[in-house]
Amino acid sequence: MAERLFFALWPDEAQQRTLYKLGRSIAPPGGKPMAAQNLHITLAFLGTIDADKRNCMEKAADAIQLPSFELVLDSAGYWPRPQVVWLGCSAVPEPLLALAARLNGAMAACGLAAETRPYSPHLTVLRKARQGPRQLDMDTVHWPVGDFVLVQSLTLPEGAQYQVVRRWPLAGQL
Ligand code: 2AM
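Calculation criteria
Residues numbered from 1 in each chain as written. Predicted model: local features only at pLDDT ≥ 70, side-chain atom pairs only at ≥ 80, totals over all residues. Heavy atoms only, no water. Near = heavy atom within 4 Å. Polar contact = N/O pair within 3.5 Å; in protein donor to acceptor, adjacent residues only side chain to side chain. Areas by Shrake-Rupley, 256 points an atom, 1.4 Å probe, with all protein chains shown as cover. Nonpolar A, V, L, I, M, F, W, Y, C, P; charged D, E, K, R; others polar. Axes fitted to C-alpha atoms, helices over the stretch in contact; angles between N-to-C directions. Helix = DSSP H or I, 4+ residues; strand = E, 2+ residues; numbered from the N terminus. Left-handed = near helix turned anticlockwise from the far one by under 90°. Contact = heavy atoms within 4.5 Å. Pairing = 2+ DSSP bridges.

Enquirer: Please give an account of the site of the ligand that cites residues and values.
Expert: Taken together, the residues surrounding the ligand are R4, F6, H40, T42, F45, H122, T124, R127 and Y162. One nitrogen or oxygen atom from the side chain of H40 is found 2.6 Å from an oxygen atom belonging to the ligand. In the environment of the ligand, an oxygen atom lies 2.7 Å from a nitrogen or oxygen atom belonging to the side chain of T124. Relative to its unbound accessible area of 470 Å², the ligand is 67% covered by the protein chains. Of the residues assigned to the shell around the ligand, the class counts are three nonpolar, four polar and two charged.

Here is the structure:
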(Lines give C-alpha, C1' and ligand atoms only; values in the text may rest on other atoms or scores of the structure.)
Protein backbone atom coordinates (compact mmCIF):
# COMPACT_ATOMS: atom_id res chain seq x y z
CA MET A 1 0.00 0.00 0.00
CA ALA A 2 1.34 3.43 -0.89
CA GLU A 3 2.15 5.83 1.95
CA ARG A 4 2.98 9.53 2.05
CA LEU A 5 6.39 9.74 3.72
CA PHE A 6 9.19 12.13 4.54
CA PHE A 7 12.43 12.17 6.53
CA ALA A 8 12.68 14.80 9.24
CA LEU A 9 14.29 16.07 12.41
CA TRP A 10 11.72 15.59 15.14
CA PRO A 11 11.91 17.50 18.45
CA ASP A 12 11.20 15.69 21.73
CA GLU A 13 8.25 16.85 23.83
CA ALA A 14 10.19 19.45 25.82
CA GLN A 15 11.66 20.90 22.60
CA GLN A 16 8.21 20.83 20.97
CA ARG A 17 6.87 23.04 23.74
CA THR A 18 9.84 25.43 23.51
CA LEU A 19 9.63 25.65 19.72
CA TYR A 20 5.87 26.07 19.80
CA LYS A 21 6.21 29.03 22.21
CA LEU A 22 8.92 30.60 20.09
CA GLY A 23 6.77 30.12 16.98
CA ARG A 24 3.79 31.77 18.64
CA SER A 25 5.94 34.68 19.82
CA ILE A 26 6.98 35.61 16.29
CA ALA A 27 3.80 34.64 14.40
CA PRO A 28 1.74 37.45 12.84
CA PRO A 29 -2.02 37.53 13.48
CA GLY A 30 -4.13 35.02 11.56
CA GLY A 31 -3.06 31.88 9.76
CA LYS A 32 -3.08 28.32 11.01
CA PRO A 33 -0.53 27.54 13.73
CA MET A 34 1.20 24.17 13.48
CA ALA A 35 0.33 22.05 16.53
CA ALA A 36 3.27 21.48 18.89
CA GLN A 37 3.24 17.73 18.21
CA ASN A 38 3.54 18.34 14.43
CA LEU A 39 6.60 20.62 14.52
CA HIS A 40 9.55 19.27 12.51
CA ILE A 41 12.28 20.09 10.01
CA THR A 42 11.92 18.17 6.75
CA LEU A 43 15.10 16.55 5.45
CA ALA A 44 13.68 14.91 2.32
CA PHE A 45 10.08 14.75 1.13
CA LEU A 46 9.43 11.37 -0.50
CA GLY A 47 5.78 11.83 -1.50
CA THR A 48 3.38 8.91 -1.82
CA ILE A 49 5.47 5.82 -2.46
CA ASP A 50 5.13 2.03 -2.49
CA ALA A 51 6.78 -0.50 -0.14
CA ASP A 52 9.72 -1.22 -2.51
CA LYS A 53 10.74 2.42 -2.66
CA ARG A 54 10.27 2.79 1.09
CA ASN A 55 12.55 -0.24 1.67
CA CYS A 56 15.13 1.23 -0.69
CA MET A 57 15.10 4.54 1.22
CA GLU A 58 15.26 2.79 4.61
CA LYS A 59 18.34 0.83 3.46
CA ALA A 60 19.96 4.09 2.39
CA ALA A 61 19.18 5.60 5.81
CA ASP A 62 20.68 2.51 7.54
CA ALA A 63 24.00 3.24 5.80
CA ILE A 64 24.24 6.86 6.97
CA GLN A 65 26.93 7.55 9.56
CA LEU A 66 26.99 11.17 10.59
CA PRO A 67 27.64 12.89 13.90
CA SER A 68 25.04 14.43 16.20
CA PHE A 69 24.91 18.21 16.02
CA GLU A 70 23.34 21.21 17.65
CA LEU A 71 20.86 23.30 15.76
CA VAL A 72 20.59 26.93 16.82
CA LEU A 73 17.26 28.35 15.73
CA ASP A 74 17.84 32.08 15.71
CA SER A 75 15.93 33.47 12.73
CA ALA A 76 12.45 33.60 11.28
CA GLY A 77 11.11 34.15 7.81
CA TYR A 78 8.14 34.09 5.48
CA TRP A 79 7.57 32.48 2.11
CA PRO A 80 4.60 34.21 0.47
CA ARG A 81 3.85 31.54 -2.13
CA PRO A 82 3.38 28.54 0.19
CA GLN A 83 2.19 31.12 2.79
CA VAL A 84 4.34 29.77 5.63
CA VAL A 85 6.14 31.46 8.49
CA TRP A 86 9.15 29.48 9.67
CA LEU A 87 12.02 29.35 12.14
CA GLY A 88 15.50 28.90 10.74
CA CYS A 89 19.17 28.98 11.64
CA SER A 90 21.66 31.55 10.42
CA ALA A 91 24.44 28.94 10.63
CA VAL A 92 23.46 25.59 9.11
CA PRO A 93 25.52 22.76 10.68
CA GLU A 94 27.59 20.73 8.21
CA PRO A 95 26.16 17.34 9.35
CA LEU A 96 22.63 18.64 8.65
CA LEU A 97 23.57 19.56 5.09
CA ALA A 98 25.31 16.19 4.67
CA LEU A 99 22.26 14.33 6.02
CA ALA A 100 19.85 16.09 3.66
CA ALA A 101 22.24 15.56 0.75
CA ARG A 102 22.58 11.83 1.49
CA LEU A 103 18.80 11.34 1.68
CA ASN A 104 18.11 13.39 -1.43
CA GLY A 105 20.88 11.53 -3.27
CA ALA A 106 19.29 8.22 -2.24
CA MET A 107 15.96 9.37 -3.67
CA ALA A 108 17.38 9.47 -7.17
CA ALA A 109 19.02 6.05 -6.65
CA CYS A 110 15.66 4.64 -5.47
CA GLY A 111 13.81 5.95 -8.51
CA LEU A 112 12.21 8.95 -6.82
CA ALA A 113 12.18 12.51 -8.12
CA ALA A 114 14.65 14.30 -5.85
CA GLU A 115 14.32 17.96 -4.92
CA THR A 116 16.30 20.18 -7.28
CA ARG A 117 16.15 23.36 -5.20
CA PRO A 118 18.99 23.90 -2.71
CA TYR A 119 18.21 22.52 0.75
CA SER A 120 16.87 25.25 2.99
CA PRO A 121 16.22 23.90 6.49
CA HIS A 122 13.16 25.45 8.11
CA LEU A 123 10.63 24.65 10.80
CA THR A 124 7.19 25.77 9.69
CA VAL A 125 5.24 27.33 12.57
CA LEU A 126 2.33 28.97 10.74
CA ARG A 127 0.47 27.98 7.57
CA LYS A 128 -1.94 30.08 5.51
CA ALA A 129 0.03 33.12 6.72
CA ARG A 130 -0.73 36.42 5.01
CA GLN A 131 2.30 38.24 6.38
CA GLY A 132 5.77 37.64 7.78
CA PRO A 133 7.02 37.26 11.36
CA ARG A 134 6.05 40.06 13.70
CA GLN A 135 9.50 40.72 15.17
CA LEU A 136 12.99 39.67 14.32
CA ASP A 137 14.73 40.11 17.70
CA MET A 138 13.59 36.71 18.83
CA ASP A 139 14.77 34.27 21.48
CA THR A 140 17.25 31.64 20.37
CA VAL A 141 16.54 27.94 20.80
CA HIS A 142 19.37 25.39 21.05
CA TRP A 143 18.22 21.98 19.84
CA PRO A 144 20.64 19.06 20.30
CA VAL A 145 19.88 16.71 17.40
CA GLY A 146 20.77 13.06 18.10
CA ASP A 147 18.64 11.28 15.52
CA PHE A 148 16.48 11.58 12.43
CA VAL A 149 13.15 9.95 11.62
CA LEU A 150 10.89 8.66 8.88
CA VAL A 151 7.40 10.14 9.15
CA GLN A 152 4.09 9.10 7.66
CA SER A 153 1.69 11.90 6.83
CA LEU A 154 -2.01 11.09 7.13
CA THR A 155 -4.55 13.44 5.67
CA LEU A 156 -7.48 13.67 8.05
CA PRO A 157 -10.55 15.95 7.85
CA GLU A 158 -9.01 18.08 10.64
CA GLY A 159 -5.71 18.43 8.77
CA ALA A 160 -2.42 16.56 8.35
CA GLN A 161 -1.42 14.18 11.13
CA TYR A 162 2.16 12.98 11.33
CA GLN A 163 3.36 9.67 12.73
CA VAL A 164 7.01 8.84 13.32
CA VAL A 165 7.42 5.33 11.88
CA ARG A 166 11.21 4.79 12.29
CA ARG A 167 14.16 6.45 13.97
CA TRP A 168 17.89 6.39 13.16
CA PRO A 169 20.51 7.56 15.70
CA LEU A 170 23.31 9.90 14.73
CA ALA A 171 26.74 9.04 16.09
CA GLY A 172 28.16 10.29 19.37
CA GLN A 173 26.84 12.17 22.34
CA LEU A 174 26.43 15.90 22.49
P1 2AM B 1 6.79 22.79 4.77
O2 2AM B 1 6.95 22.67 6.23
O3 2AM B 1 7.64 23.86 4.19
O4 2AM B 1 5.37 22.87 4.35
C5 2AM B 1 5.30 17.26 5.13
O6 2AM B 1 4.44 17.67 4.11
C7 2AM B 1 6.54 18.08 5.15
O8 2AM B 1 7.26 17.95 3.92
C9 2AM B 1 6.32 19.56 5.36
O10 2AM B 1 7.19 19.99 6.38
C11 2AM B 1 6.66 20.21 4.04
O12 2AM B 1 7.36 21.42 4.16
C13 2AM B 1 7.62 19.22 3.42
N14 2AM B 1 7.56 19.20 1.96
C15 2AM B 1 8.64 19.39 1.14
N16 2AM B 1 8.28 19.27 -0.14
C17 2AM B 1 6.96 19.01 -0.15
C18 2AM B 1 5.99 18.79 -1.18
N19 2AM B 1 6.33 18.78 -2.48
N20 2AM B 1 4.71 18.58 -0.82
C21 2AM B 1 4.35 18.58 0.49
N22 2AM B 1 5.21 18.75 1.50
C23 2AM B 1 6.50 18.97 1.20
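From this point, the discussion proceeds with the structure in view.
Enquirer: Describe the packing of helix 2 (residues 51-62) against helix 3 (residues 94-109), listing the residues and the values that go with them.
Expert: Contact pair helix 2 / helix 3: the axes reach a minimum separation of 10 Å and the direction vectors enclose 145°. Relative to helix 3, helix 2 is oriented so that their crossing is right-handed. The segment helix 2 lies against helix 3, with M57, A60 and A61 engaging L103, A106 and M107. Here the contact of helix 2 with helix 3 is composed, by residue class, of six nonpolar, no polar and no charged.

Enquirer: Tell me about the sheet that holds strand 2 (residues 32-33), residues and numbers included.
Expert: As summarised here, the arrangement of the four strands in space is 2-7-6-5, forming an open sheet in which the pairing is antiparallel. Every interior strand has two partners, whereas the edge strands, strand 2 and strand 5 (75-79), have only one. With two bridges connecting them, strand 2 and strand 7 (residues 123-127) associate as antiparallel partners. Note on strand 7: the bridge partner recorded for P33 is L126. Its contacts with the sheet put helix 1 (residues 13-26) on strand 2, strand 5, strand 6 (84-88) and strand 7, and the angle it makes with strand 6 is roughly 125°.

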